[in-house]
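# Structural characterization, general
For reference, the chains in residue letters:
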Amino acid sequence: MSLNSRRRVVLIAFALANVPSLSSAQPGAFGGGFGPPLQVVAPPKAFATSDEHYKFLLSQAKGGTKHTLTSVPRWDGLWNTAGNTHMSMFIDPPGFTGKVKPGVLTPPYEKAYRERWRQQQELGEVQYDRLTHCEPPGYPRFLLEPYSHEFLNLPDQSYQINDFGPSIRRVYIGQEHKNVFGTHSWYGDTIGFWDGNKLVTHTKYLLPADFTRWSPMTSNQFESVETWELKRYPNDVERLEVQVTFYDRHAFVQPVSAVYAFRRAKELEAAGHRVQHWECETSNNDVIDSKGGTSSRLPGEPGFKDPRGTTLFPELPGQSRDPIYNTTLPAKKE
Amino acid sequence: MKTVFRVLPVLAVASLLTASVAVAHHSFAMFDKSVEKVATGTVVRWEFNVPHSWLRMNVKNPDGTETLWSFEGSAPPSLLQRGITGSTFEPGNVVTVSYCPLKDGRPGGGLGWARLANGTFVNPADGGCDGSVKAIEKWKPWLAAGYTSSTEAQKPK
């Protein structure tokens, strides 16, 4: 095969891989249905690695826009998820009743995913979710977690906050990747640059995990390139859209792309909601049971953690975490 | 309580909008979603917490004793959009709830809808049971007829 025909095959394969995602936004999923249907924007060309992809975009943006405190786009305030095309990467329509798309994942990852999807189809639920153990949502689950979010942009850094954990991503603007700890982490290392009002990011050094309990697992080579842009549509629709291409040489046959969205959570602001430090370790009673499924410890059972009970110092007055009602639950059955 | 009345007109829309986000923290495979039951009891505590809220209620048994039941609802960011706050269920309130029971028979379940002492219905459900307007409307005649289980209510006469 000549170089030209090989290039043509790669381009056709790339185009075919991206065609379905252009038409399969999921209204109703994770806040979907807000504004016009979401459409995936595929990368400008096929890239072998996320580094190559990010460097190409950086070069196209001529090194990026240097924003100041007064010019950097302001996205502060509360946000909610507003849909995504996430499942379309791996499942044929119509979503939860569809079938696993063959050939998107490598054989071992596809086999593992088919078992997970079998549970979803046959039991109506996947048996277990790692968040049950209070593991962080991590990335990329961060992009679709249905808790409130905040996005704070400064000229040299952006902070992206999810109200569970809480999870905080930091985007280092105009910098190179660093990994001084010599390991991978739940949110990895994210660098970025501004291309006008678009924030382009590159994330790597992530822990192997699963997107969600309905999604495939990913490896420790999972990486991404994202483009964040605040878009405005008729009827006062304001939507923060995140076009993402995921790379994983162990899990994906070729890179996959999706779009995730957020809308301003005006109703939450009106209700007086403020992002809290909701930690899971001392208040969560969901556990993995002897059959590998999820269960919950109830009051009085061994190991039950009283989310509103007394702290480590019960001998002192005023140690309840339920100051308004000061309620108590039955003691432990040992 | 005033908040609940104020937001009632938007509850139907809000619950429809938020139903799809009730799929977050853990699998709901532990709940038997093939049956919906109803329990009336006295609120012991409303744990309005992330990642899930829990309603703890004392429910009377046929022999007159009480059992503490636990019902799992959605997280505050979702519930606030449905007009439910940390004071919607106050200790001592008598409320009626629908729930999908724990499959292992312990006294708990996934919370569906809740009927407050003043008769107002709210939807605190997560993915463990159905608390939507549709479920509430389905249950209204069943409650009036005295049913406490969807299985009983749907049994051919």
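A brief look at the structure comes next. Fair warning: this is a prediction, and the values are worked out from it, not measured in the lab.

### Re the overall build of chain B
- Counting its regular elements, chain B contains 4 helices and 6 strands.
- The order of helices and strands in chain B, counted from the N terminus, is α-β-β-β-α-β-β-β-α-α.
- Pairs at least 24 apart in sequence give 60% of the contacts found in chain B among residues at least 6 apart.

### Focus on the pairing of strand β1 (residues 79-84) of chain A
All names here are of chain A.
- Most of β1 is tucked away: 6 of the 6 residues are buried.
- Bridge count for β1 against strand β11 (residues 256-264) is 4 bridges, and the pairing is antiparallel. When the bridges of β11 are listed, Asn 80 appears paired with Arg 263.

### Side note on the pairing of strand β5 (residues 108-115) of chain B
All names here are of chain B.
- Burial analysis of β5 places 8 of its 8 residues in the buried class, which makes it a mostly covered element.
- Here strand β3 (residues 66-73) runs beside β5; their pairing, made up of 3 bridges, is parallel. The partner of Ser 70 across the bridge, within β5, is Gly 108.
- Where strand β4 (residues 94-101) meets β5, 5 bridges bridge the pair, whose relative direction is antiparallel. Residue pairing across strands places Thr 96 opposite Arg 115, the latter belonging to β5.
- The hairpin formed by β4 and β5 contains 6 residues between the paired strands, and Gly 105 there has a positive phi angle of roughly 85°.
- As paired elements, β5 and strand β6 (residues 121-122) share 2 bridges and run antiparallel to each other. Residue pairing for β6: Ala 114 is matched across the bridge by Val 122.
- Counting the residues between successive antiparallel strands, the hairpin from β5 to β6 contains 5 residues, one of them, Gly 119, with a positive phi of roughly 95°.

### Digging into helix α2 (residues 50-60) of chain A
All names here are of chain A.
- Within α2 the residues assigned to the buried category are Ser 50, His 53, Tyr 54 and Leu 57. Buried residues of α2, viewed axially, fall in a sector of 95°; they line one side.
- Among the structural elements, β6 (198-204), β9 (223-233) and β10 (237-247) are those in contact with the buried residues of α2.
- Where α2 ends, the next residue or the one after it, Lys 62, has phi of about 50°, a positive value.

### Re the nonpolar core
- Membership of the largest hydrophobic core comes to 84 residues, with the highest contact counts inside it found for Tyr 260 of chain A together with Leu 55 of chain B.
- Top element by residues in this core is β11 of chain A. It accounts for 6 residues.
- Excluding residues within four positions of it along the chain, Tyr 260 of chain A makes contact with Asn 84, His 86, Leu 143, Leu 144, Val 242 and Val 244 of chain A.

Parameters and conventions
- Residues numbered from 1 in each chain as written.
- Chains lettered and ligands numbered in written order.
- Predicted model: local features only at pLDDT ≥ 70, side-chain atom pairs only at ≥ 80, totals over all residues.
- Helix = DSSP H or I, 4+ residues; strand = E, 2+ residues; numbered from the N terminus.
- Contact = placed C-beta atoms within 7 Å.
- Buried ≥ 20, exposed ≤ 12 C-beta atoms within 10 Å, placed from the backbone.
- Pairing = 2+ DSSP bridges.
- Arc of directions from axis to C-beta.
- Core = buried A, V, L, I, M, F, W, Y, C linked by C-beta atoms within 7 Å.

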